[in-house]
Amino acid sequence: MIKKISTLFFSPTGTTSKITKQISKAFNLPKSHFNLSLKKLRTKHQNLSFNSDELVIIGVPVYAGRIPAFLEEYFSKIMGNNTPAIFIVVYGNRDYDDALLELKELFEKRGFIGIAAGAFIGEHSYTSRVATNRPDIDDLAKAFIFGKNIKKRLGLISEMDASSLKVKGNYPYKERIAVPLISPETTEACKSCGICAEVCPTEAISFTDFNTIKAEDCIRCHSCVKNCPEEAKIFTHDMIRNITQKLITNFSLPKKEVELFM
Ligand SMILES: Cc1cc2nc3c(=O)[nH]c(=O)nc-3n(C[C@H](O)[C@H](O)[C@H](O)COP(=O)(O)O)c2cc1C
């Protein structure tokens, strides 16, 4: 009998958070939301553990076909105890490659039992011209119905059924790409409001001088870019510009559809 729902998500530009919370709305149970960031890893939420009477929904964005690398450190602090879990990846209309398989395997090793999984689409972090405004109303409706269907099945799931969850993905996982140190520039439009430092999940932006960014800590998540009210943070590096152009040319269309696994 499930008594409580928790969502755990990493969501620098907000799309993964929308989907993960939307699925949780299908359950009329007490909820806790854990918005993961390196900042919190260093301060609160040091260790999290969950029991078998809790359902956990875990959501991450796809970075280069994998789960964001730095999250592995965070995830090593999270333990389940035969805890049922729903695994969610959100990607920017290119592909999610091996990210969902990686997420499922990582958490199943940590005491969670995968009962369902899904790959959703979110506006691309690099540009609003790819997967524009997604998740849209249809995506959110699908997320809610997905939650309802899982709820119906919950009482019927035995551990044996649960461990048979299959998701798309391949071995070995897509190789991680080594990227040079790249961080955003700050233009003269900056009004020093500090939102960028506030929303940076790795604390790469100085809280005293918002122009100072530790490139070695920047994960190019674009949280500062998308959250700046003055559009004062921009990536000018050729590599980011070229990738963005290729994304617009090759992955704006066709619109990818949500894939669900139960
Ligand atoms: C560094 C980086 C790498 C990304 N790699 C991919 C990718 O391989 N495939 C894809 O379709 N989208 C990719 N995206 C786009 C994000 O997965 C997508 O925009 C997602 O909705 C962002 O989630 P968030 O809004 O929760 O931050 C990437 C984004 C970033 C910042």
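Residues numbered from 1 in each chain as written. Predicted model: local features only at pLDDT ≥ 70, side-chain atom pairs only at ≥ 80, totals over all residues. Heavy atoms only, no water.

Trainee: Kindly report on the pattern of salt bridges, identifying the contributing residues and their values.
Mentor: Under the defined criterion, the tally for this structure stands at 13 salt bridges. Two residues, E72 and R176, come together in a salt bridge whose shortest N-O distance is 3.1 Å. With a gap of 104 residues between them, E72 in helix α3 (residues 71–75) and R176 in the loop between α6 (159–162) and β8 (185–186) connect regions that are remote in the sequence. Taking the relative accessible area as the measure of exposure, R176 reaches 33% and is therefore partly exposed. Between E102 and R176 there is a salt bridge, with its nearest N and O atoms 3.3 Å apart. Within this pair, whereas E102 is found in helix α4 (residues 99–108), its partner R176 is found in the loop between α6 and β8, the two being separated by 74 residues in sequence. Members of the salt-bridge network, linked through shared partners, are R66, E72, E102 and R176. (Salt bridge = Lys/Arg side-chain N within 4 Å of Asp/Glu carboxyl O. Helix = DSSP H or I, 4+ residues; strand = E, 2+ residues; numbered from the N terminus. Buried < 20%, exposed > 50% of the residue type's maximum accessible area, 1.4 Å probe, protein only.)

Trainee: Mind laying out the pairing of strand β2 (residues 31–35), listing which residues take part and the relevant values?
Mentor: With burial as the criterion, only one face of β2 is covered, namely that bearing S32 and F34; the residues K31, H33 and N35 on the opposite face remain uncovered. Of the pairings in the sheet, the one linking strand β1 (residues 4–9) to β2 comprises 5 bridges and is parallel in character. Within the sheet, the bridge partner assigned to F9 lies in β2 and is N35. Between the parallel elements β1 and β2, the chain passes through helix α1 (residues 15–24) in a crossover that is right-handed. (Pairing = 2+ DSSP bridges. Right-handed = clockwise from strand over helix to strand, strands pointing away.)

Trainee: Go over the site of the ligand with me, naming the residues and quoting the values.
Mentor: For the ligand, the set of nearby residues contains 24 residues, the closest of which are S11, T13, T15, T16 and V62. Within the side chain of T15, one N or O atom sits 2.6 Å away from an oxygen atom of the ligand. Protein contacts shield 95% of the accessible area of the ligand, which totals 640 Å² for the unbound molecule. Elements represented by at least two residues in the shell around the ligand include exactly α1 and β6 (83–91). (Near = heavy atom within 4 Å. Polar contact = N/O pair within 3.5 Å; in protein donor to acceptor, adjacent residues only side chain to side chain. Areas by Shrake-Rupley, 256 points an atom, 1.4 Å probe, with all protein chains shown as cover.)

Trainee: Give a detailed account of α1, specifying residues and quantitative values.
Mentor: Given 3.6 residues per helical turn, the α-helix brings residues three or four places apart onto the same face. In terms of residue burial, α1 counts as a mostly covered element, since 8 of its 10 residues are buried. Along α1, the residues that are buried comprise T15, T16, S17, I19, T20, Q22, I23 and S24. Turning to α1, the residues buried within the fold contact β1, β2, β4 (54–61), β6, β7 (112–121) and α5 (137–154). (Contact = heavy atoms within 4.5 Å.)

Trainee: Quick one: what's the story with the packing of aromatic side chains, residue by residue and with numbers?
Mentor: How two aromatic rings sit relative to each other is given by the distance of their centres and the angle of their planes. Here the structure, examined in full by the defined rule, presents 9 aromatic pairs. Ring geometry for F10 versus F70: centroids 5.1 Å apart, planes at 80°, classification edge-to-face. Of this pair, F10 sits in the loop between β1 and α1 while F70 sits in the loop between β4 and α3, and the two are 60 residues apart along the sequence. Relative to F50, the ring of F34 has its centre 6.2 Å away and its plane inclined at 80°; by these criteria the two rings are edge-to-face. Residue F34 is located in strand β2, and its partner F50 is located in strand β3 (residues 48–50); the two are separated by 16 residues in the primary sequence. F50 matches F34 in its accessibility class, with the two residues each being buried. (Phe/Tyr/Trp six-rings, centres within 6.5 Å; stacked < 30°, edge-to-face > 60°.)

Trainee: Give a detailed account of the sheet that holds β7, specifying residues and quantitative values.
Mentor: Taken together, 6 strands build an open sheet; the order of strands is β2-β1-β4-β6-β7-β10 and the sheet is mixed. Of all the strands in the sheet, just β2 and β10 (259–261) have a single pairing partner and so form its edges. Looking at each pair of strands side by side, their axes are set apart by 15° on average, direction ignored. Pairing analysis gives 6 bridges linking β4 to β6, with the strands arranged parallel. Within β6, the position partnered with G59 by the bridge is I88. (Axes fitted to C-alpha atoms, helices over the stretch in contact; angles between N-to-C directions.)

Trainee: Could you give me a rundown of unusual backbone geometry, with the residues and numbers involved?
Mentor: With an omega of 5°, the peptide bond running from R134 to P135 counts as cis. Position of P135 relative to the elements: it lies in the loop between β7 and α5. In the segment running from L253 into P254, the intervening peptide bond is cis, with an omega of -5°. The phi dihedral of A131 falls on the positive side, at around 55°, and the residue is not glycine. Taking relative accessible area as the criterion, A131 reaches 9% and is therefore assigned buried. One non-glycine residue, R220, lies in the positive phi region at around 55°. Along the chain, R220 falls in the loop between α7 (195–199) and α8 (223–227).

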